[in-house]
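# Architecture and fold: a report
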Amino acid sequence: MTTLVASLGHAPAVVLEGLEAIIRSGQVINKICLLYTKRMKRQVLMLKLALRYGGFESINLEVYELPFEELKSEEECLKFRYKLYEVVNKEKEVKLLISGGRKSNIVDFVLVALAFGIKEVYHVIPKRGSEIYFTKAFADSVNLELYTDKEPPKHIIDQILNICNPDLRNIHLIRIPLPTIKEEFREALRKDLSSLTYP
């Protein structure tokens, strides 16, 4: 079972773009573990609905909400790093997608990858313009919480799929190789990462 681990910012499409591009490259993804801050709850709901109605209902989505609105401090960055470590530590086979969330998250993804001997991280480069702002405007204008247990009207599903479903012709998946470090250093790094506190 292979798990895609990602963080989410304002654009839920990034996760679907990464998922589609990795699957298209011949790999199988069974589960997505998604880390996000409290501020991104609506984007998470959009992603859940896009997976459910966009042909990915067989992929299990596990979500991990971090206990703050935004990554704005050293303490919050360390909490994100620890939670990412915890999530990767419990999974058997992992692919790491660094495209979503804050740029500071990339540092944490790389540190965790090195600690577990993961040989690469993935990044998608889509052609995009103003849709991040459109995504936020849509998420702010529709009460998506109403549709956690029932099917949304067709026009809402269509809008969500339009926002979240990638145009594969315009996506470029980059596999970024990472160096392999000796087990003694990986063990020391895992010890450092596991010693961070998470309330």
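That block above? That's the structure.
Treat the numbers as computed from the prediction; the structure is a model and nothing was measured.

Reading guide: rules and limits
Residues numbered from 1 in each chain as written. Predicted model: local features only at pLDDT ≥ 70, side-chain atom pairs only at ≥ 80, totals over all residues. Heavy atoms only, no water. Helix = DSSP H or I, 4+ residues; strand = E, 2+ residues; numbered from the N terminus. Buried < 20%, exposed > 50% of the residue type's maximum accessible area, 1.4 Å probe, protein only. Pairing = 2+ DSSP bridges. Right-handed = clockwise from strand over helix to strand, strands pointing away. Arc of directions from axis to C-beta. Axes fitted to C-alpha atoms, helices over the stretch in contact; angles between N-to-C directions. Parallel < 35°, antiparallel > 145°, perpendicular 65-115°, else oblique. Left-handed = near helix turned anticlockwise from the far one by under 90°. Contact = heavy atoms within 4.5 Å. Nonpolar A, V, L, I, M, F, W, Y, C, P; charged D, E, K, R; others polar. Polar contact = N/O pair within 3.5 Å; in protein donor to acceptor, adjacent residues only side chain to side chain. Phe/Tyr/Trp six-rings, centres within 6.5 Å; stacked < 30°, edge-to-face > 60°. Core = buried A, V, L, I, M, F, W, Y, C linked by side-chain atoms within 4.5 Å.

### Some remarks on the environment of Lys-103
Assignment of secondary structure puts Lys-103 in the loop between β4 (93-97) and α4 (104-115). You can call Lys-103 exposed: its relative accessible area is 72%. The spacing of Lys-103 and Leu-193 is 90 residues in sequence and 19 Å in space, taken between C-alpha atoms.

### Considering the pairing of strand β1 (residues 2-7)
Along β1, 6 of the 6 residues are buried, which leaves the element largely enclosed by surrounding structure. Judged by which residues are buried, β1 turns out to be covered on both faces: Thr-2, Leu-4 and Ala-6 on one side and Thr-3, Val-5 and Ser-7 on the other are all buried. When β1 meets β4, the two strands line up parallel, connected through 5 bridges. The residue bridging Ala-6 from the neighbouring strand is Leu-97, located in β4. Bridging between β1 and strand β2 (residues 31-37) involves 5 bridges; their strand directions are parallel. Considered in β2, the bridge of Ser-7 is made with Leu-35. In terms of handedness, the path from β1 via helix α1 (residues 13-24) over to β2 forms a crossover that is right-handed.

### Remarks on helix α6 (residues 154-164)
Inspection of α6 places Ile-156, Ile-157, Ile-160, Leu-161, Ile-163 and Cys-164 among the buried residues, and these make up the whole buried set. With its buried residues spanning 160° around the axis, α6 presents them on a single face. Residues Lys-154, His-155 and Asn-162 are exposed on α6 and point more than 90 degrees away from its buried face.

### Thoughts on the packing of helix α3 (residues 74-90) against α4
Running from N to C, α3 and α4 cross one another at 40°; their axes reach a closest spacing of 10 Å. Taken as axis vectors, α3 and α4 run oblique relative to one another. Between α3 and α4 the crossing geometry is right-handed. Every residue of α4 that contacts α3 at Cys-77, Phe-80, Arg-81, Leu-84, Tyr-85 and Val-88 is listed here: Ser-104, Asn-105, Val-107, Asp-108, Phe-109, Leu-111 and Val-112. Taken together, the residues of the contact of α3 with α4 sort by class into 9 nonpolar, 2 polar and 2 charged.

### Focus on the side chain of Glu-91
With respect to the helices and strands, Glu-91 occurs in the loop between α3 and β4. Within the structure, Glu-91 has its side chain in polar contact with the side chain of Thr-3 (distance 2.8 Å). In this structure, Glu-91 is in contact with Thr-3, Lys-31, Cys-33 and Glu-62, ignoring residues within four places of it in sequence.

### What to know about the packing of aromatic side chains
Counted by the stated rule, this structure contains 3 aromatic pairs. Through a chain of ring-to-ring contacts, the aromatic side chains of Tyr-82, Tyr-85 and Phe-116 assemble into a single cluster.

### Section: the nonpolar core
Among the nonpolar cores identified, the biggest contains 35 residues, and Leu-16, Leu-19, Ile-32, Leu-34, Leu-51, Leu-144 and Ile-160 are the most heavily contacted of them. Those residues in contact with Ile-32 that lie beyond four places of it in its chain are Leu-4, Val-15, Leu-19, Leu-51, Ile-59, Asn-60, Leu-61 and Glu-62. Core analysis: the second largest hydrophobic core is formed by 25 residues, Cys-33, Phe-68, Phe-80 and Ala-113 among them.

### Observations concerning the pairing of β2
In terms of burial, β2 is a largely internal element, 7 of the 7 residues being buried. Relative to strand β3 (residues 60-66), β2 runs parallel, the two sharing 7 bridges. Paired with Thr-37 across the strands is Leu-66, a residue of β3. As a crossover connection, the stretch from β2 through helix α2 (residues 41-53) into β3 is right-handed.

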